[in-house]
Amino acid sequence: MNISLTRMSDEMYYEYLKDYENDPDLYFDKDTYEPYIYSVEGVARYIERKKRKQQIPMAIVHDNEVIGELIFKELVPNYSVTIGIALKNANYKDHGYGTQAEKLALDYAFGTLDVKVVLADAILTNTRSQHVLEKVGFVETHRDDMFIYYKCQR
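Parameters and conventions
Residues numbered from 1 in each chain as written. Predicted model: local features only at pLDDT ≥ 70, side-chain atom pairs only at ≥ 80, totals over all residues. Heavy atoms only, no water. Phe/Tyr/Trp six-rings, centres within 6.5 Å; stacked < 30°, edge-to-face > 60°. Buried < 20%, exposed > 50% of the residue type's maximum accessible area, 1.4 Å probe, protein only. Helix = DSSP H or I, 4+ residues; strand = E, 2+ residues; numbered from the N terminus. Axes fitted to C-alpha atoms, helices over the stretch in contact; angles between N-to-C directions. Parallel < 35°, antiparallel > 145°, perpendicular 65-115°, else oblique. Left-handed = near helix turned anticlockwise from the far one by under 90°. Contact = heavy atoms within 4.5 Å. Nonpolar A, V, L, I, M, F, W, Y, C, P; charged D, E, K, R; others polar. Salt bridge = Lys/Arg side-chain N within 4 Å of Asp/Glu carboxyl O. Expected span 1.5 Å × (residues − 1).

Next up on the list: the packing of aromatic side chains. A full pass over the atoms with the stated rule returns 6 aromatic pairs. Ring centres of tyrosine 16 and tyrosine 20 lie 5.9 Å apart, and the angle between their planes is 65 degrees; this geometry places the pair in the edge-to-face category. Each member of the pair tyrosine 16 and tyrosine 20 is classed as buried. Ring centres of phenylalanine 72 and tyrosine 108 lie 5.1 Å apart, and the angle between their planes is 40 degrees; on these two criteria the pair is classed as tilted. Here phenylalanine 72 is found in strand S3 (residues 65-76), whereas its partner tyrosine 108 is found in helix H3 (residues 97-111), with 36 residues between them in sequence. Judged by relative accessible area, which is 21%, tyrosine 108 ranks as partly exposed. Joined through ring pairs, the aromatic side chains of Tyr16, Tyr20 and Tyr36 make up one cluster.

In structure tokens form, the structure reads like this:
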């Protein structure tokens, strides 16, 4: 499996989101689920929001195709960062891509960003994400009505 992380460019976002599909598992309230509809304007707003929040968006690349997005957010220099991950659609799930991407994310966070703690969360209904986080070394810290919160220490 050949997975790499690279800084997500605007052009990569436009290509990636053309085939993106919302995952119903990411909705705590299934009644609020809506399918994703691609639009150039919508992608532009999404990119602008990422820049405004000063997030570090990374492309998950397999065989020269962007198959997912991994975000580093809420960076506290020299201490912690929070990660979030999304794969393009169901065709890329259950193949180990998310696991490999999260391992690379930990390497990047601990090595390049030089943090001591990486945080993550998963919606209570998203057992796939919970499994991957635990498999790569995250430990549950607490829960609330919607999320399970995790951390991984260097």
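Right, let's get into the packing of H3 against helix H4 (residues 127-135). Put simply, H3 and H4 touch, their axes get as near as 10 Å, and they point 45 degrees apart. Regarding the angle of H3 to H4, the classification is oblique. Read as a crossing pair, H3 and H4 show a hand that is right-handed. Residue-level inspection shows Gly98, Thr99 and Glu102 of H3 in contact with H4, the latter providing Val132, Leu133 and Lys135. Partitioned by chemical class, the residues of the contact of H3 with H4 number 2 nonpolar, 2 polar and 2 charged.

In a structure, side chains of opposite charge can pair up when their charged atoms sit close to one another. Per the stated rule, a full pass over the model turns up 6 salt bridges. Here lysine 18 makes a salt bridge to glutamate 15, at a shortest N to O gap of 3.6 Å. With lysine 18 and glutamate 15 both in helix H1 (residues 10-18), this residue pair falls 3 residues apart, about one helical turn. Residue lysine 18 is classed as partly exposed on the basis of its relative accessible area of 46%. Overall, glutamate 15 belongs to the partly exposed group, its relative accessible area being 49%. Among the ionic pairs, aspartate 114 bridges to arginine 154, the shortest N-O distance being 3.2 Å. Taken together, the residues span a long stretch of sequence, with aspartate 114 in the loop between H3 and strand S5 (117-123) and arginine 154 in the segment after strand S7 (147-153) at a distance of 40 residues.

Moving on: helix H2 (residues 40-52). Since one α-helical turn is 3.6 residues long, residues separated by three or four positions face the same way. Counted at 1.5 Å a residue, the expected span for H2 with its 13 residues is 18 Å, and the 18 Å between its end C-alpha atoms agrees. For H2, the secondary structure elements touched by its buried residues are H1 and S3. Two residues or fewer past H2, glutamine 54 is found with a positive phi of approximately 55 degrees.

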